[in-house]
Amino acid sequence: MYSDLSLAHFMDGLKKRNPGELEFHQAVYEVAESVIPFILDNPVYQNAAILQRMTEPDRSIIFKVIWEDDAGNLRLNRGYRVQFNNSIGPYKGGLRFHPSVNLSILKFLGFEQTFKNSLTTLPMGAAKGGADFNPKGKSDREVMRFCQSYMTELSHHIGPNTDIPAGDIGVGAREISFMFGQYKRLRHEFTGVLTGKALEFGGSLIRTEATGYGAAFFMEEMLAHRGNSIRGKTCVLSGSGNVALYCAEKIIQLGGKVVTLSDSSGFIYDEQGIDEEKLAYLIELKTFQRGRISEYAEQYQCDFFVDEKPWNVRCDLAFPCATQNEIDKKDAHTLVSNGCMAVVEGANMPTSIEAIKVLQHAKLLFAPGKAANAGGVALSGLEMTQNSVRLSWSAKELEERLANIMKSIHQQCVKYNEDGDYINYVNGANIAGFIKVANAMLAYGV
């Protein structure tokens, strides 16, 4: 049945089974391109149809979420949880509340999560979920009512040994707290069923910082492998959420110079560099005041570019930390011509397949998100461990554990794909992540 495992034949079948799911198609193509040659060299995986099985979620749960706004109107949204693969541990992955959420995006994220979680070496399967609800502009009470309604249904499908959701876009400490409170009320138990909780009820230190810190640690590992470092490098970042802000913080601590950040309205360019004082202002602005990035430009008299992306700014290192496909083929050519030496994905799939080809052809170091932004889920895994043994580790110990996990991920990428002086981190991450999950699936039989 699966004798023909050519990339074209495999993708044709996947698209027929999942019509119109373009984000999912893109995520699978990027992995399949790397692992199909490996599978053909190791026919045990082909004979067991491992890749075909790995690209089909265990289950996709879709449900309605009814809630009441402050004016007393009933509102309707659609909720999801896609449980992708639990071969190496309970399902684990974030919840995203955003108007763009649909089944294709969640399947792409859940599929990526399979490999990301595998690379951390922690016992975590993969899932993703959320709703087409937009928390922006809603009162705290409206967000609470939505979260409680969403969790009322989701609670049937999750548990500390079954599926442990976390936060993602639109789901921060506030939303996690509301959902955890509702789960506790419904199930009459206090368990580590969500990660990203507040410290007062089972959360972990540096969880907010972890994804951004991890991306910076991974860049440092890539450069160190070539005898270089972040110190003294000009760094261009997109985004201004937790990933971008704390990636910037760690870059500054490592001696790099951050000159851009962005949000949906455009990007700031601070030629002098964003220092610790300016970053503290940004964290207050974006995290607590929920302000716009343009306010930073007014505060510090720097340039603000409306509705533009920062990839035309000359830099040594680039960190896309906003959203999927934010670096296209043209942006990639610009980065190459401007002398950029390395790109690390802080977001999920922020670089298009065509752009990745351009970067790799030019021999830029390129780290895919499944490797480089695994710091967040790695810290979530450490939060799960702390919940299980009823203890808390210090921030220093957690940062050391995080740095070691990112170092281990880098070593796996190098081990499975190094061609002379150039490392194809996409192939290395995909193959390393595939092997662990595939071997578990083989061990279980059919």
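Residues numbered from 1 in each chain as written. Predicted model: local features only at pLDDT ≥ 70, side-chain atom pairs only at ≥ 80, totals over all residues. Heavy atoms only, no water.

Colleague: Looking at this structure, I do not really get the overall build of the chain. What am I missing?
Modeller: Summing up its helical and strand segments, the chain has 17 helices and 12 strands in all. A compact globule built from 446 residues would reach a C-alpha radius of gyration of about 22 Å, and the chain, at 21 Å, matches this within 12%. Each of the three principal axes of the chain carries a C-alpha extent, and together these read 60 × 55 × 45 Å. Here the chain, with 446 residues, has 58% of them falling under the buried criterion. Within the chain, contacts between residues separated by at least 24 positions form 71% of all contacts whose residues are at least 6 apart in sequence. Summed over its atoms, the accessible surface of the chain is roughly 18100 Å², and 49% of this surface lies on carbon and sulfur atoms. (Helix = DSSP H or I, 4+ residues; strand = E, 2+ residues; numbered from the N terminus. Rg over C-alpha atoms; globule rule 2.2 N^0.38 Å. Buried < 20%, exposed > 50% of the residue type's maximum accessible area, 1.4 Å probe, protein only. Contact = heavy atoms within 4.5 Å. Areas by Shrake-Rupley, 256 points an atom, 1.4 Å probe, with all protein chains shown as cover.)

Colleague: Just to check I follow, could you spell out the sheet that holds strand β12 (residues 365–367) for this structure?
Modeller: Either a parallel or an antiparallel arrangement is found when strands of a sheet pair, and the pairing is made through backbone hydrogen bonds. Pairing within the open sheet is mixed, and its 7 strands lie in the order β9-β8-β7-β6-β10-β11-β12. The open sheet has two free edges, formed respectively by β9 (303–306) and β12, since each of these has just one partner strand. Across this sheet, the average inter-strand angle for adjacent strands is 15 degrees, counted without regard to direction. (Pairing = 2+ DSSP bridges. Axes fitted to C-alpha atoms, helices over the stretch in contact; angles between N-to-C directions.)

Colleague: For this particular structure, what's the right way to read the sheet that holds strand β3 (residues 91–97)?
Modeller: The strand order β1-β2-β4-β3-β5 describes an open sheet built from 5 strands, whose pairing is mixed. Of all the strands in the sheet, the pair left with one neighbour each is β1 (59–68) and β5 (163–167). Geometrically, the sheet is characterised by an average inter-axis angle of 20 degrees between neighbouring strands, direction not taken into account. Pairing analysis gives 3 bridges linking β3 to strand β4 (residues 126–131), with the strands arranged parallel. By the bridge assignment, Phe97 is partnered in β4 with Ala131. Contacts from helix α6 (residues 140–154) reach β1, β2 (74–85), β3, β4 and β5, with the element oriented near 145 degrees to β1.

Colleague: Looking at this structure, how should I read helix α8 (residues 207–225)?
Modeller: Structurally, the α-helix is built with 3.6 residues per turn, so residues lying three or four positions apart point the same way. Between its first and last C-alpha atoms α8 spans 27 Å; for 19 residues at 1.5 Å apiece the expected length is 27 Å, and the two agree. If you look at α8, its biggest bend is around 30 degrees, right at Tyr213. Within α8, 15 of the 19 residues are buried, which leaves it mostly tucked inside the rest of the structure. Of the residues flanking the end of α8, it is Gly227, one or two places downstream, whose phi is positive at about 75 degrees. (Expected span 1.5 Å × (residues − 1). Bend = angle between axes of the 7 residues up to and from the residue.)

Colleague: Quick question: what am I supposed to make of the packing of α8 against helix α9 (residues 242–253) here?
Modeller: For any two helices packed against each other, one specifies the crossing angle of their axes together with the interaxial distance. For the pair α8 and α9, interaxial distance at closest approach is 7 Å and the crossing angle is 50 degrees. When the interaxial angle is binned, α8 and α9 end up oblique. Here α8 and α9 pass one another in a crossing that is right-handed. Between α8, through Thr208, Glu209, Thr211, Gly212, Tyr213, Ala215, Ala216 and Phe217, and α9, the contact on the second element is made entirely by Asn242, Val243, Tyr246, Cys247, Glu249, Lys250, Ile251 and Gln253. Tallied by class, the residues present in the contact of α8 with α9 amount to 8 nonpolar, 5 polar and 3 charged. (Parallel < 35°, antiparallel > 145°, perpendicular 65-115°, else oblique. Left-handed = near helix turned anticlockwise from the far one by under 90°. Nonpolar A, V, L, I, M, F, W, Y, C, P; charged D, E, K, R; others polar.)

Scope: geometric values only; no functional claims are made or implied.
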